[in-house]
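What follows is each chain in one-letter form.
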Amino acid sequence: MFRQVAEDFAKELDDAACDRQLAGALETVSRRIGFDHFALNLEAHSAEFGTSAVLLHDYPGEWASVYTTFELAGRDPVRRACDRSFSGFAWERIKEFVPLTRGDSQMLAIGRECGIGDGFTVPRHLPGRVRGSCTFAVGPDNKLPHEFLQIAEVIGAMALTHALRFIGMVSEARPPQLSDRQRECLLWIARGKTAAETAIILGISPETVNQHLKLARERYSVHCCQSLILSALFDGLIGFSDIFHL
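Student: How should I be thinking about unusual backbone geometry in this particular structure?
Tutor: Across residues other than glycine, the phi torsion is negative in most instances, and most of the peptide bonds are trans. You will see that glutamate 71, though not glycine, has its phi angle at about 50 degrees, which is positive. You can see glutamate 71 is positioned in the loop between helix H3 (61-69) and helix H4 (77-82). Glutamate 71 sits in the exposed class, given a relative accessible area of 63%.

Printed below as a string of structure tokens:
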């Protein structure tokens, strides 16, 4: 099912040429994987294009109004946690990244009163150039669908990548370069293969596969394959069509 959800969403993104269409695709997929709401925000800075931003969500109107009226973005613990994580995180893990103050707890409590109970956030930041996140949330009476968090991370990365592309912003800095063999290993891992399975496919040893992946992680300064996949997707070194054979 996970693969089918990702493939279907990738096809919807191919047809999404504006904010409204991307929001519609996110609303559909968030319900499909057990969430009640989504929110995507992206800020991109370029010497050539200046600053561009995308903000999409289907949060309850009351919470959106409170968040905007009282300018809570600067105090949002989820937003602060995003700056400390390269991979998606459930909100119950926020305290692992940033200390939760009394004000943070009050903000989360107000969110619950306004219809936002728990959530899972996928961050993506390139210092000085891009800051963004894609969040999937459930209502106060619903539990976080932990069985779908892995696919939620993939969906969030896909949405952020697409948003960056259709606002016309590109990374000014050259992304890390992977060798052909490193990219091949990364692609098969992204397709769900293990190192052992990838070794058989490529005709090399599992140790060599792991070494290629280790070097690729070092070039991106990340510590796990999931973060490596997301980073490479975001920079365009691999594409969703490569993974899903669209």
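Student: I would appreciate a short explanation of the side chain of threonine 121 in the present structure.
Tutor: On the secondary structure map, threonine 121 appears in strand S4 (residues 118-126). Reaching out from threonine 121, the side chain makes a polar contact with the side chain of threonine 135 at a distance of 2.7 Å. When residues no more than four places from it in sequence are discounted, the contact partners of threonine 121 are Val78, Cys82, Ser87, Gly88, Phe89, Trp91, Ser133, Cys134 and Thr135.

Student: I tried to follow the pattern of salt bridges on my own but got confused; where do I start?
Tutor: Two side chains bearing opposite charge may form a pair once their charged atoms approach each other closely. Applying the stated criterion across every chain, the model contains nine salt bridges. We note a salt bridge from glutamate 43 to arginine 79, for which the minimum N-O separation is 3.7 Å. Highlighted residues: glutamate 43 in strand S1 (residues 37-46) and arginine 79 in helix H4, separated in sequence by 36 residues. On the basis of relative accessibility, which here comes to 30%, the residue glutamate 43 falls in the partly exposed class. Close ionic contact of lysine 214 with glutamate 218 constitutes a salt bridge, the shortest N to O distance being 2.6 Å. Residue lysine 214 and its partner glutamate 218 are located together in helix H9 (residues 206-220), separated by four residues, close to a single helical turn.

Student: I tried to follow the layout of surface pockets on my own but got confused; where do I start?
Tutor: One water molecule sets the probe size; rolling that probe over the atoms shows where empty space is left. The volume enclosed by the largest pocket comes to roughly 870 Å³. Lining the largest pocket are 38 residues; nearest its centre among them are Asn41, Tyr59, Trp63, Tyr67 and Asp76. Secondary structure elements with two or more residues in the lining of the largest pocket: S1, strand S2 (50-57), H3, H4, helix H5 (102-113), S4 and strand S5 (130-138). Broken down by element, the lining of the largest pocket gets its largest block of residues, five residues, from S2. Classifying every residue of the lining of the largest pocket by side-chain character gives 20 nonpolar, nine polar and nine charged. For the second largest pocket, the lining is made up of 18 residues, of which Gln150, Val154, Ala190, Arg191 and Gly192 are closest to its centre. When contributions to the lining of the second largest pocket are tallied by element, the ones reaching two or more residues are helix H1 (2-14), helix H6 (149-166), helix H7 (180-190), helix H10 (225-235) and helix H11 (240-244). When residues in the lining of the second largest pocket are grouped by element, the largest group, five residues, is from H10. Considered class by class, the residues forming the lining of the second largest pocket number 13 nonpolar, three polar and two charged.

Student: Hey, could you run me through the packing of aromatic side chains in this one?
Tutor: Each aromatic ring pair is summarised here by two numbers: the centre-to-centre distance and the angle between the ring planes. Scanning the entire structure with this criterion turns up three aromatic pairs. Centre to centre, the rings of tryptophan 63 and tyrosine 67 are 5.6 Å apart; their planes meet at 65 degrees, and the pair counts as edge-to-face. Taken as a pair, tryptophan 63 and tyrosine 67 lie in helix H3 at a separation of four residues, close to a single helical turn. In this structure tryptophan 63 comes out as buried when scored by relative accessible area, which is 8%. Its relative accessible area of 22% is what places tyrosine 67 among the partly exposed residues. Of note, arginine 191 hangs over the ring of tryptophan 188, and the distance from its end group to the ring centre comes to 4.5 Å.

Student: Can you help me understand H1 in this one?
Tutor: Given 3.6 residues to a turn, an α-helix orients residues that are three or four positions apart in the same direction. Here H1 is 13 residues long and its end C-alpha atoms lie 19 Å apart, about the 18 Å a rise of 1.5 Å per residue gives. Buried within H1 are the following residues: Val5, Ala6, Glu7, Phe9, Ala10 and Leu13.

Student: Help me understand the nonpolar core, please; the structure alone is not making it clear to me.
Tutor: Core analysis: the biggest nonpolar cluster contains 58 residues, and Phe9, Leu26, Phe35, Leu40, Leu42, Phe136 and Ile155 have the highest contact counts within it. The element contributing the most residues to this core is H6, with nine residues. Excluding residues that lie within four positions of it along the chain, leucine 26 makes contacts with Phe9, Phe38, Leu40, Cys134, Phe136, Ile155 and Ala159. Among the nonpolar cores identified, the runner-up in size contains 17 residues, and Val66, Trp91, Cys114 and Ile116 belong to it.

So, how was this worked out
- Residues numbered from 1 in each chain as written.
- Predicted model: local features only at pLDDT ≥ 70, side-chain atom pairs only at ≥ 80, totals over all residues.
- Heavy atoms only, no water.
- Helix = DSSP H or I, 4+ residues; strand = E, 2+ residues; numbered from the N terminus.
- Buried < 20%, exposed > 50% of the residue type's maximum accessible area, 1.4 Å probe, protein only.
- Polar contact = N/O pair within 3.5 Å; in protein donor to acceptor, adjacent residues only side chain to side chain.
- Contact = heavy atoms within 4.5 Å.
- Salt bridge = Lys/Arg side-chain N within 4 Å of Asp/Glu carboxyl O.
- 1 Å grid on protein atoms, 1.4 Å probe; cavity = no way out; pocket = protein on both sides within 12 Å on 5 of 7 lines; lining within 4 Å.
- Points joined across faces, edges and corners; volume = space filled by probe spheres on them.
- Nonpolar A, V, L, I, M, F, W, Y, C, P; charged D, E, K, R; others polar.
- Phe/Tyr/Trp six-rings, centres within 6.5 Å; stacked < 30°, edge-to-face > 60°.
- Lys NZ or Arg CZ within 6 Å of the ring centre and 35° of its normal.
- Expected span 1.5 Å × (residues − 1).
- Core = buried A, V, L, I, M, F, W, Y, C linked by side-chain atoms within 4.5 Å.

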